[in-house]
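The primary structure of each chain is shown beneath.
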Amino acid sequence: MTIRLTVAQALVRFLAAQHTERDGTRQRLIGATWGIFGHGNVAGIGQALVEYADVMPYHQGRNEQAMVHAAVGYARQSNRLSTHAVTTSIGPGATNLVTGAALATINHLPVLLLPGDVFATRPADPVLQQLEVPYAGDVSVNDSLRPVSRYFDRVTRPEALIPAALQAMRVLTDPVETGAVTLALPQDVQAEAYDWPEEFFAERTWVVRRPGADPTELAEAVQAIRAAERPLIVAGGGVHHSRAEAALAEFAETTGIPVAATQAGKGSLPYDHPQDVGGIGHTGTATADELARTADLVIGVGTRWTDFTTASNTLFAAADVRFLNLNIAPYDGHKLAGLPLVADARSGLTELTDGLRLHGHRVADEYRAAYGAAKAAWERRVDGAYAAADPDARPTQPQVLGALDAVVDETDVIINAAGSMPGDLHKLWRARSYDQYHLEYGYSCMGYEIPAAIGVRLAAPDRPVWALVGDGTYLMMPTEIVTAVQEGVAIKVLLVQNHGYASIGGLSESVGGERFGTAYRFPSDDGPYTGAPLPVDLAANAESLGMRVLRARTVRDLRAALAEARAADTPTCVYVETETADTVSGAPEAQAWWDVPVAETATRPSAVKARELYERHVSTRRRHL
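The rules we used
Residues numbered from 1 in each chain as written. Predicted model: local features only at pLDDT ≥ 70, side-chain atom pairs only at ≥ 80, totals over all residues. Heavy atoms only, no water. Helix = DSSP H or I, 4+ residues; strand = E, 2+ residues; numbered from the N terminus. Buried < 20%, exposed > 50% of the residue type's maximum accessible area, 1.4 Å probe, protein only. Contact = heavy atoms within 4.5 Å. Pairing = 2+ DSSP bridges. Salt bridge = Lys/Arg side-chain N within 4 Å of Asp/Glu carboxyl O. Axes fitted to C-alpha atoms, helices over the stretch in contact; angles between N-to-C directions. Expected span 1.5 Å × (residues − 1). Polar contact = N/O pair within 3.5 Å; in protein donor to acceptor, adjacent residues only side chain to side chain. Parallel < 35°, antiparallel > 145°, perpendicular 65-115°, else oblique. Left-handed = near helix turned anticlockwise from the far one by under 90°. Nonpolar A, V, L, I, M, F, W, Y, C, P; charged D, E, K, R; others polar.

Trainee: Outline the overall build of the protein, listing residues and values.
Mentor: Broken down by element type, the protein carries 24 helices and 23 strands. With respect to the three principal axes, the spread of C-alpha positions in the protein is 70 × 70 × 55 Å. Looking at the protein as a whole, 58% of its 625 residues qualify as buried. Counting contacts in the protein only where the partners sit at least 6 residues apart, residues at least 24 apart contribute 77% of the total.

Have a look at this one:
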């Protein structure tokens, strides 16, 4: 039996019938579709969404990149088991997807992209918004999505949709391969009718697997852990993707091994767990970084080992240090010349715990006492950073976080991606639940926070969701405030004004760049962008987009505004200007290095001095072979 539908109608109907299942729980794979319509998709996907509005929810976006961020936020909050699709027109609508696609793929988060494409039949050449490539007639701007997609196909014939759609679902649900998936849809093909087999629209359930470890690799891993005297666990985002937090806690409690966390892995253990020692790497705690410097075995669980985590390969300094990498992706399992344990994080941790329990293995009491005391000392530093001696003074950025910390509980979700705040949060934030800490630091994309907050709130409608943004990030992408207002998505935006790119300003100063071009200021006789701050009222801007705004001038004001915003049932912004406009934050300084190359030759003293310091740090870098 067949049914006659357009390609776009068939795709929407197909997507509505796809499900995932893991651990016996089943959910829709594509929960909704975001879209901005133009001539390249309005008569195809646009008409199909109207046709099947009863089975495919639709969200109206304002910026194509932001729509991808919202879908990614939804996917992460849904533990990668459900996501959204995003449809755009051809031309700039399609190319605006590239940044969001890169973010999704780098963070291993599923999102389905459905950009319109130029005519497959070529009735006129070129058509509006077509990129002409003299050496290749089959290239369009959508090809820019190829390197940032885990799967890409251009559906130039109706019958080609069947294998393309099935392959797209396979990749979206693969815990190793998942990321952005792109199906480019020529605008004429979208509207073309075809007789589809009814089986194509049958409900399908894609089982998300939990592979266990190879017995030989498992035995070697158990032996390596038993031989270690100062082991350290580094929890990455794979712990959350696998929902392996309980298995990690059992492993840590059984063995006594301390657990540090990457930006993506923070919250794998709650901050007050005895084995939790906080963030690791350039933005980590002194406790975790000192443990890393002296560790003889580093057990990575679901981490990609980025340069922020390894402090650009200067952090793990013990002469005999070895790495054990528990990762579902073989590519990551072999990094740093590590002993691979290729498995799902939950399965692998459970098997390791069982293997070590047979031997009664546990680290020495002295080791546990030492890192416990160091953790307590760091918590006192956090208390000091959060405290405000004068509640009627303008807050520092850590005091802003301290005020927020005082009003949230384990149900709140905080979202951040770029600027100085990721570093402060990684060092200072006290994560109370496994999904409270939502940092996008694989791509560290300015503008992610507000649309991602919408996606998170759609996935978790009963939870308070906070987008933490600086002024630089806010100006990148405030557009989806309109979407939140339109759909009644009651996100909370904490908008911190420090008059420029303060994070990069601090980095610029440290590498001899003298904060050039990083401040939002008028020109002056002392140089460009060194005069008075710009008279930009970001609170008024948010208000003009329909958001309720609470202005806070002091620490006392801020505490009251945050409490009021948390209780609000409409989109609400808390706006605060921090106390120091020319310093990054006032938080504890970096506890480990990060490699940002400094000019090898320069005449300005600041750059010469920065180069000398850079060479000293570079001399400590090592390759783990």
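Additional details are given in the paragraphs that follow.
Trainee: Outline the pairing of strand β21 (residues 492–497), listing residues and values.
Mentor: With respect to burial, β21 is a largely interior element, six of its six residues being buried. Residues K492, L494 and V496 of β21 are buried on one face, and the alternating residues V493, L495 and Q497, pointing to the opposite face, are buried as well. In terms of strand pairing, strand β20 (residues 465–470) meets β21 through five bridges, oriented parallel. The partner of V469 across the bridge, within β21, is L495. Relative to strand β23 (residues 572–577), β21 runs parallel, the two sharing six bridges. Residue pairing for β23: V496 is matched across the bridge by V576.

Trainee: How would you sum up the pattern of salt bridges? Please name residues and give values.
Mentor: Side-chain pairing between opposite charges can occur once the charged atoms of the two side chains come close. Throughout the structure, instances matching the rule amount to 30 salt bridges. One salt bridge connects R210 with D344, and the closest N-O pair in it is separated by 3.0 Å. In this pair, R210 sits in the loop between β11 (204–207) and α8 (215–227) while D344 sits in the loop between β17 (339–342) and α14 (345–359), placing the two residues 134 residues apart along the sequence. Here the salt bridges do not stand alone but share partners, grouping D23, R210, D344 and R346 into one network.

Trainee: Lay out the sheet that holds β11 in plain terms, naming residues and giving numbers.
Mentor: Ordered in space as β3-β2-β11, the three strands form an open sheet in which the pairing is mixed. Single-partner strands in this sheet number two, and they are β3 (25–28) and β11. For this sheet, the mean angle separating the axes of adjacent strands, direction not counted, is 30 degrees. This element, helix α1 (residues 7–16), spans β2 (18–22), β3 and β11 of the sheet and lies at about 25 degrees to β2.

Trainee: Tell me about the sheet that holds strand β6 (residues 83–88), and please be specific about residues and values.
Mentor: The six strands lie next to each other as β5-β4-β6-β7-β9-β8, forming an open sheet whose pairing is parallel. What marks the edges here is a single partner per strand, and that holds for β5 (58–60) and β8 (151–154). Strand after strand, the sheet turns through a mean of 20 degrees between neighbouring axes, direction not considered. With four bridges joining them, β8 and strand β9 (residues 180–186) adopt parallel strand pairing. The partner of R154 across the bridge, within β9, is A184. Along the sheet, helix α6 (residues 161–172) contacts β4 (30–35), β7 (111–117), β8 and β9; its crossing angle with β9, the most-contacted strand, is approximately 160 degrees.

Trainee: Can you explain α8? Please cite residues and give values.
Mentor: When the terminal C-alpha atoms of α8 are compared, their 18 Å separation across 13 residues agrees well with the 18 Å that a helix rising 1.5 Å per residue should span. Turning to α8, the residues buried within the fold contact α10 (245–255), β15 (297–301), β16 (322–327), β17 and α14. Measuring from the backbone nitrogen of T216 back to the side-chain oxygen at the start of α8 gives 2.9 Å, which picks out D214 as the cap.

Trainee: Quick rundown of the packing of α1 against α6? Include the residues and the values.
Mentor: With their axes 11 Å apart at the nearest point, α1 and α6 run at an angle of 30 degrees to one another. The pairing of α1 with α6 is recorded here as roughly parallel in orientation. Once α1 is placed against α6, the crossing between them reads as right-handed. Residues V7, A10, L11, F14 and L15 of α1 touch α6, and the partners they reach there are L161, A165, L166 and M169. Class assignment of the residues belonging to the contact of α1 with α6 gives a composition of nine nonpolar, no polar and no charged.

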